[in-house]
Amino acid sequence: MSVTSLGVGSGLDLETLVENMISVQRDTKVSAYEDKISDYESEVSAYGAIKSALEKFETSVETLADSDLFTGRTATLTQPTSGDIISVEADSDASNGSYNISVSQLAQGSRSVSAAGLFSTSDDVVSSVGGDLTFTAGDETFTISVAAGTTLSELREQINDDENNFGVSANLVDDGSGNVYLTLNSDVTGDGNDLVVTNTDESLDSVSSVATGAGTAGLSIAADDAAQDAVIDVDGIEIRSDTNTFEGAVSGLTIKTLAVSETDANGDPEAATATVDYDTETVQETLEGFVSAYNSLLSVFDTYTDSDAILNGSSLVRGLEGTLNSDLMTIFDDAGSLSTIFDLGIEMADDGTLSLDSTAFADAMEESYDDVVSLFSGDTGLASIMEDMLSNYTGSSGLLKDMVDTSQASADKTEESLENFEYRMELYEEQLRARFTTLDTLLANLSSNGDYLLTQLSSLSSS
């Protein structure tokens, strides 16, 4: 007799018995393996989170270590009551101080207009022969080839659409009295940079500013439409520029003219006042970023070292936190009136988090700016001290990377051990089932033989 399912032959619940025997051998150990894997993976996640937070803090430290942060300048503008006349930007070469700046003239490009009576409609033909027109302003130039029979409207489009056009805008103006004018506006500014239009055939003289033939050129520039410089006055000194931007006229300042100054009650041009000072706002924002990154780092430490957390008791985290705290307490001998960062307005709460007193910071920046620079930047500044320390933990060969790699390797090894154990349990289950299948078959055969004997005995008794 063959048995196809455990217990069928004997009538016993052998399937449950096999499952219980496997469970006794497997479940506890599998759970232990899975708990270990989970712990190792939690360590990987925790060390990764700490490394990420530490790298963000390291970035804020590197920003503080950059001496350029403290050489920045900012220009504060007080515009005249009539409106904005200039904009000013300051770089690290600017000297602290105030400058009174007025604008007497804006830079402009030239404007050429054709004479009255030359054209009555936009369909008038500008040349029956054709030729080249060359447009020049300052160092800029481009040339177009005008075909015979080209109309005024087509010439306008050809000028505007030329790929080499450096900034000449052609337009047509109809005065409603039978006159159509060609206007050319050049964006090349500066004295002496008037637009000049020349040709290769006198038939194009009507749309040129220089005649090739014996007649008069059709285009001309009015006095008010000539290209001109921008002119400003800085503390009584007249300065000119061929554009509306003045770079280097005042060391470290870029001045852009926006409008001509109006005159005051005394007939004098109104001036804007530009006050140049240290860029304390950027320094404060950077220091606030440092404080915020440090507090975020402490929060991450607390999350993963809490009493029930995965890194509770970690000597690496304790050592890192202690070193950071020690660095913050550094006393400096070469920062003048500032001996610690707490003299700058930084405060530490009982829980170790930092904050910045903006009033105390402003006072320190005003009274001891150079000392602030020494406190943070330079080889002996706080930023340099922290950079050296943090580099031991971050980066491709840092301690935190090593911890992540070690925990991940342990997780992988435990996962491999679990797979091997599961394989052994599969073999164990196969052996159990084979043995109990044999037993079930044997019991089934014994039961069958017993039933046969009882039947025979019953027959003998009846006889």
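All of these numbers come straight from a predicted model, not from anything done at the bench.

**Student:** Help me out: how do you make sense of the sheet that holds strand 13 (residues 230-234) in this one?
**Tutor:** Pairing between the strands of a sheet is mediated by backbone hydrogen bonds and can be parallel or antiparallel. Judged by pairing direction, the sheet is antiparallel, and its five strands sit side by side in the order 1-17-3-13-14 without closing on themselves. Only two strands of the sheet have a single neighbouring strand rather than two, namely strand 1 (73-78) and strand 14 (237-241). Across this sheet, the average inter-strand angle for adjacent strands is 30°, counted without regard to direction.

**Student:** What is the right way to read helix 6 (residues 358-367) from this model?
**Tutor:** Since one α-helical turn is 3.6 residues long, residues separated by three or four positions face the same way. Along helix 6, the residues that are buried comprise Phe361, Ala364 and Met365. The arc enclosing the buried residues of helix 6, seen along the axis, measures out at 100°, which places them on a common side. Summarising the geometry of helix 6, the exposed residues directed more than 90 degrees from the buried face are Thr359, Glu366 and Glu367. In this structure, the buried residues of helix 6 make contact with helix 4 (280-305), strand 19 (354-356) and helix 7 (369-376). For helix 6, the N-terminal capping position is held by aspartate 357, with its side-chain oxygen 3.0 Å away from the main-chain nitrogen of threonine 359.

**Student:** What is the right way to look at the pattern of salt bridges in this model?
**Tutor:** Any two side chains of opposite charge can pair if their charged atoms end up close together. By the definition in use, this model includes nine salt bridges. In this structure, the salt-bridge partner of lysine 51 is glutamate 55, at a minimum N-O distance of 2.6 Å. Pair noted here: lysine 51 and glutamate 55 are both in helix 1 (residues 14-65), with a separation of four residues, about one helical turn. Judged by its relative accessible area of 18%, lysine 51 is buried. With its nearest N and O atoms 3.8 Å apart, the salt bridge here joins glutamate 238 to arginine 240. One network of salt bridges, with partners in common, ties together Asp191, Asp229, Glu238 and Arg240.

**Student:** How should I be thinking about a negative patch on the surface in this particular structure?
**Tutor:** Where like charges cluster on the molecular surface, the negative patch consists of Glu34, Asp35, Asp39, Glu41, Asp412, Glu415, Glu416 and Glu419. On the secondary structure map, aspartate 35 appears in helix 1.

**Student:** Explain helix 5 (residues 315-328) here, please?
**Tutor:** Over its 14 residues, helix 5 extends 20 Å from the first C-alpha to the last, a length consistent with the 20 Å expected when each residue adds 1.5 Å. Considered for burial, the residues of helix 5 that qualify are Leu316, Val317, Leu320, Leu324, Asp327 and Leu328. Angular distribution of buried residues about the axis of helix 5 spans 105°; they occupy a single face of the element. Across helix 5 from its buried face, at more than 90 degrees, point the exposed residues Ser315 and Arg318.

**Student:** Sorry if this is basic, but what is going on with the environment of alanine 46 here?
**Tutor:** You can see alanine 46 is positioned in helix 1. Considering only alpha carbons, one finds alanine 46 and leucine 311, 265 residues apart in sequence, at a separation of 7.5 Å. Look past the residues within four positions of alanine 46 in its chain and what remains in contact with it is Tyr304, Ile310 and Leu311.

**Student:** Explanation requested: the sheet that holds strand 7 (residues 140-146) in the structure shown.
**Tutor:** Pairing is antiparallel across the open sheet formed by three strands, whose spatial order is 7-6-11. Strands at the two margins of the open sheet, each flanked by one partner only, are strand 7 and strand 11 (196-199). Looking at each pair of strands side by side, their axes are set apart by 20° on average, direction ignored. The sheet contact formed by strand 6 (residues 131-137) and strand 7 spans seven bridges and is antiparallel.

**Student:** I tried to follow the nonpolar core on my own but got confused; where do I start?
**Tutor:** General note: in soluble globular proteins, nonpolar side chains tend to be found buried as a group. Counting residues in each nonpolar core, the largest one holds 50 residues, and the members touching the most others are Phe57, Leu287, Phe290, Leu324, Leu344 and Phe376. With residues up to four places along the chain from it excluded, the contact list for phenylalanine 57 reads Phe290, Ala293, Tyr294, Leu297, Leu324, Met386 and Leu390. In terms of nonpolar packing, the next biggest core, distinct from the first, is built from 23 residues, Phe119, Ile159, Val180 and Leu182 among them.

**Student:** Looking at this model, I keep getting lost on the packing of helix 5 against helix 8 (residues 382-390). Mind explaining?
**Tutor:** A pair of packed helices can be characterised by two numbers: the angle between their axes and the separation between those axes. For the pair helix 5 and helix 8, interaxial distance at closest approach is 10 Å and the crossing angle is 165°. Compared by their axis directions, helix 5 and helix 8 come out roughly antiparallel. Where helix 5 crosses over helix 8, the handedness of that crossing is right-handed. For the pair helix 5 and helix 8, the contacting residues are Leu320, Thr323, Leu324, Asp327 and Leu328 in the first and Leu382, Ile385, Met386, Met389 and Leu390 in the second.

**Student:** Explain the packing of aromatic side chains here, please?
**Tutor:** Working definition: an aromatic ring pair is given by the centre-to-centre distance plus the angle between the planes. With the rule as written, the count across this model stands at seven aromatic pairs. Taking 5.3 Å as the distance between ring centres and 40° as the angle between the ring planes, the aromatic pair formed by phenylalanine 57 and phenylalanine 290 counts as tilted. With a gap of 233 residues between them, phenylalanine 57 in helix 1 and phenylalanine 290 in helix 4 connect regions that are remote in the sequence. Measuring from centroid to centroid gives 4.8 Å for phenylalanine 135 and phenylalanine 142, while their planes differ by 10°, and the two rings are stacked. Take phenylalanine 135: its relative accessible area is 0%, and that puts it in the buried class. A connected cluster of aromatic rings, assembled from ring pairs, spans Phe57, Phe290 and Tyr294.

**Student:** Even after reading the chapter, I still don't get the side chain of threonine 286, so can you show me in this structure?
**Tutor:** Along the chain, the position of threonine 286 falls in helix 4. Not counting residues up to four positions away in its chain, the partners in contact with threonine 286 are Thr63, Leu64 and Leu69.

**Student:** Would you take a moment to explain the side chain of serine 407 for this structure?
**Tutor:** Looking at the element boundaries, serine 407 is found in helix 9 (residues 399-462). Residue serine 407 is classed as buried on the basis of its relative accessible area of 4%. If we ignore the near neighbours within four places in the chain, the residues touching serine 407 are Tyr40, Glu43, Val44 and Tyr47.

**Student:** Explanation requested: a nonpolar patch on the surface in the structure shown.
**Tutor:** Together, Leu439, Leu442 and Leu446 make up an exposed nonpolar region whose accessible area comes to about 270 Å². Assessed through its relative accessible area of 47%, leucine 442 is described here as partly exposed.

Here is what the cut-offs are and how they apply
- Residues numbered from 1 in each chain as written.
- Predicted model: local features only at pLDDT ≥ 70, side-chain atom pairs only at ≥ 80, totals over all residues.
- Heavy atoms only, no water.
- Pairing = 2+ DSSP bridges.
- Helix = DSSP H or I, 4+ residues; strand = E, 2+ residues; numbered from the N terminus.
- Axes fitted to C-alpha atoms, helices over the stretch in contact; angles between N-to-C directions.
- Buried < 20%, exposed > 50% of the residue type's maximum accessible area, 1.4 Å probe, protein only.
- Arc of directions from axis to C-beta.
- Contact = heavy atoms within 4.5 Å.
- Polar contact = N/O pair within 3.5 Å; in protein donor to acceptor, adjacent residues only side chain to side chain.
- Salt bridge = Lys/Arg side-chain N within 4 Å of Asp/Glu carboxyl O.
- Patch = residues over 30% accessible without salt bridge, like charges linked within 9 Å, V, L, I, M, F, W, Y side chains within 5 Å.
- Areas by Shrake-Rupley, 256 points an atom, 1.4 Å probe, with all protein chains shown as cover.
- Lys, Arg positive; Asp, Glu negative; His and termini not counted.
- Charge placed at Lys NZ, Arg CZ, Asp CG, Glu CD.
- Expected span 1.5 Å × (residues − 1).
- Core = buried A, V, L, I, M, F, W, Y, C linked by side-chain atoms within 4.5 Å.
- Parallel < 35°, antiparallel > 145°, perpendicular 65-115°, else oblique.
- Left-handed = near helix turned anticlockwise from the far one by under 90°.
- Phe/Tyr/Trp six-rings, centres within 6.5 Å; stacked < 30°, edge-to-face > 60°.

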